[in-house]
Amino acid sequence: MPNKKMKIIPARRHIGSKPMPFEEDIPKLRVAAYCRVSTEYEEQNSSYQTQVSHYTNYILNHDGWDLVKVYADDGISGTNTKKREQFNQMIKDCMAGKIDLIITKSISRFARNTLDCLQYIRKLKDKNIAVYFEKENIKTTDAKGEVLLTIMASLAQQESQSLSQNVKLGIQYRYQQGKVQVNHNWFLGYTKDEEGHLIVDPEQAKTVKRIYYEYLEGYSCKQIARRLTADGIPNGAGNTKWGNSNIASILKNEKYIGDALLQKSYTIDFLTKKRIRNQGIMPQYYIKDDHEAIIPKELFRRVQKERKRRREGIKVPCGKTRHYNNRTCFSLKVFCGRCGDIYHRVAYNYSDEHGQVVKWLCMTGHDHDLVTCHGRAISERQLK
């Protein structure tokens, strides 16, 4: 049997996603840091600027490390990663092979959502990228890393849930005390005085009154929005482009008559911060005469009655419900003397000297091209 010669090929050390041929040729680790400050209290103790400075010096002074970047989100919640732009950019750079190691202060700084935390760490481990948590002294590529990480991330999530519950109880207590909290920066018609009470903004109040009166004059929410946009009038957010929902929310808001309904919506998930409309699940509190009114109560009641009328429409003898469309002042006002259905507006365009002729026809008589009623057509000129 011939003598066999064996040559040992040493294992290649991996850095990030790149294997290196020889130990002596291994370049420096490409290290990034992530830090986040989310509350005013945290800013007083471990400020955003302090964290950035700390990690910059920490990495630069470490032999064998090269600083890639300090990724930092200022004032962003850690319960989910959707709004953390710098965090998302860091993950993108990791996937592009630009980073070998991430250093962060603690698990709660990285994520308070267990699912998010583990998902991203496993995604990074697949690329052979480690995350080191200073406070817990955990490195995710170690054997014990994921077990400890799961436990610590769960604790961090419970901490966040407890904090959320405390905040919710505090808000509930203020509601019970009848304390009204409104973000006046987004609330058209009002501002606040030195003591935090709502006071009327005279210029914005004119816009609120205009909306109410135009609605009673027959304009739809869509038409009012278009008119305000055309006139360049700013809404509560300061934008000059109005939408139907802006008008609808103003028309039904009881705060314009000086009252306040508290807890109209509530948070169902502390992680996603998703809020839903309160339809009796949580208690509500109605405070009368809390602040100065812009709209008289009688005018507000008339608007609510008109909103209901338009929403419900009119049920005609044929069994169908006809809804308000506000094309002209005759909408839902002209009825057929034969069948009782409403008349609707139809424009005929002619190429000769007659041009356009506008007539009003019975809806039943011309519903889906089936003539079932012989109520006569009438010109708009005659109606006027």
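Here the structure is shown first, and the text comes after it.
What counts and how
Residues numbered from 1 in each chain as written. Predicted model: local features only at pLDDT ≥ 70, side-chain atom pairs only at ≥ 80, totals over all residues. Heavy atoms only, no water. Phe/Tyr/Trp six-rings, centres within 6.5 Å; stacked < 30°, edge-to-face > 60°. Helix = DSSP H or I, 4+ residues; strand = E, 2+ residues; numbered from the N terminus. Buried < 20%, exposed > 50% of the residue type's maximum accessible area, 1.4 Å probe, protein only. Lys NZ or Arg CZ within 6 Å of the ring centre and 35° of its normal. Axes fitted to C-alpha atoms, helices over the stretch in contact; angles between N-to-C directions. Parallel < 35°, antiparallel > 145°, perpendicular 65-115°, else oblique. Left-handed = near helix turned anticlockwise from the far one by under 90°. Contact = heavy atoms within 4.5 Å. Salt bridge = Lys/Arg side-chain N within 4 Å of Asp/Glu carboxyl O. Arc of directions from axis to C-beta. Nonpolar A, V, L, I, M, F, W, Y, C, P; charged D, E, K, R; others polar. Pairing = 2+ DSSP bridges.

An account of the packing of aromatic side chains is requested, with residue identities and associated values reported.
Summed over all chains, the structure comprises 11 aromatic pairs. On the basis of an interplanar angle of 85° and a centroid distance of 5.8 Å, the ring pair of Phe-330 and Trp-360 is categorised as edge-to-face. With a gap of 30 residues between them, Phe-330 in the loop between strand S15 (321-322) and strand S16 (343-349) and Trp-360 in strand S17 (residues 356-362) connect regions that are remote in the sequence. With relative accessibility at 16%, the residue Phe-330 sits in the buried group. The rings of Tyr-34, Phe-87, Phe-110, Tyr-120 and Phe-133 are connected pair by pair, giving a single aromatic cluster. The positively charged end of Arg-227 is found above the aromatic ring belonging to Tyr-219, 4.4 Å away from the centroid.

Lay out the packing of helix H7 (residues 202-216) against helix H10 (residues 297-312) with the relevant residues and their values.
Closest axis-to-axis distance for the H7/H10 pair is 10 Å, and the angle between their directions is 50°. The angle between H7 and H10 places the two elements in the oblique class. The two elements H7 and H10 cross, and the hand of that crossing is left-handed. Residues Tyr-212, Tyr-213, Tyr-215 and Leu-216 of H7 lie in contact with H10, whose contacting residues are Leu-299, Phe-300, Arg-302, Val-303, Glu-306, Arg-307 and Arg-310.

Describe unusual backbone geometry, and please don't skip the residues or the numbers.
You will see that Asn-128, though not glycine, has its phi angle at about 60°, which is positive. The phi dihedral of Asp-289 falls on the positive side, at around 50°, and the residue is not glycine. Within the secondary structure, Asp-289 sits in the loop between strand S13 (285-287) and H10. Residue classification places Asp-289 among the exposed positions, given a relative accessible area of 59%.

Help me get a handle on the pattern of salt bridges, residues and values and all.
As a working rule, side chains carrying opposite charge can pair if their charged atoms are close by. Summed over the entire model, instances satisfying the criterion amount to 14 salt bridges. Arg-345 is paired through a salt bridge with Glu-380; the nearest N and O atoms lie 2.7 Å apart. With Arg-345 in strand S16 and Glu-380 in helix H11 (residues 380-383), this residue pair connects regions lying 35 residues apart in the sequence.

Kindly report on helix H9 (residues 244-251), identifying the contributing residues and their values.
Along H9, the positions that sit buried rather than exposed are Ile-247, Ile-250 and Leu-251. The buried side chains of H9 occupy one side of the element, clustering within an arc of 100° when seen end-on. Where H9 is buried, its residues contact H7, helix H8 (221-230) and H10.

Please set out the packing of H8 against H9 residue by residue, giving values where relevant.
Where H8 meets H9, the axes come as close as 8 Å, and the angle between the chain directions of the two elements is 110°. When the axes of H8 and H9 are compared, the pair comes out roughly perpendicular. Like other packed secondary-structure pairs, H8 and H9 cross with a definite hand, here right-handed. Contacts between H8 and H9 involve Cys-221, Lys-222, Ile-224, Ala-225 and Leu-228 from the first element and Asn-244, Ile-247, Ala-248 and Leu-251 from the second. In terms of residue class, the contact of H8 with H9 is made up of seven nonpolar, one polar and one charged.

Go over the sheet that holds S16, please, and point to the residues and values.
Here three strands make up an open sheet; going across it, the order is S16-S17-S18 and the pairing antiparallel. The sheet is open, and its two borders are formed by S16 and strand S18 (378-379), each paired with just one other strand. Examined bridge by bridge, S17 and S18 share two bridges and lie antiparallel to one another. Along S18, the bridge assignment pairs Lys-359 with Ser-379.

Mind laying out the sheet that holds strand S4 (residues 65-74), listing which residues take part and the relevant values?
If you trace the five strands from one edge of the open sheet to the other, you get S4-S3-S5-S6-S7, paired in mixed fashion. The sheet is open, and its two edges are formed by S4 and strand S7 (138-139), each paired on a single side. Contacts from helix H2 (residues 48-60) reach strand S3 (29-37), S4 and strand S5 (101-104), with the element oriented near 170° to S4. Strand contacts of helix H3 (residues 85-95): S3, S4 and S5, with the helix running at about 150° to S4, the strand carrying the most contacts.

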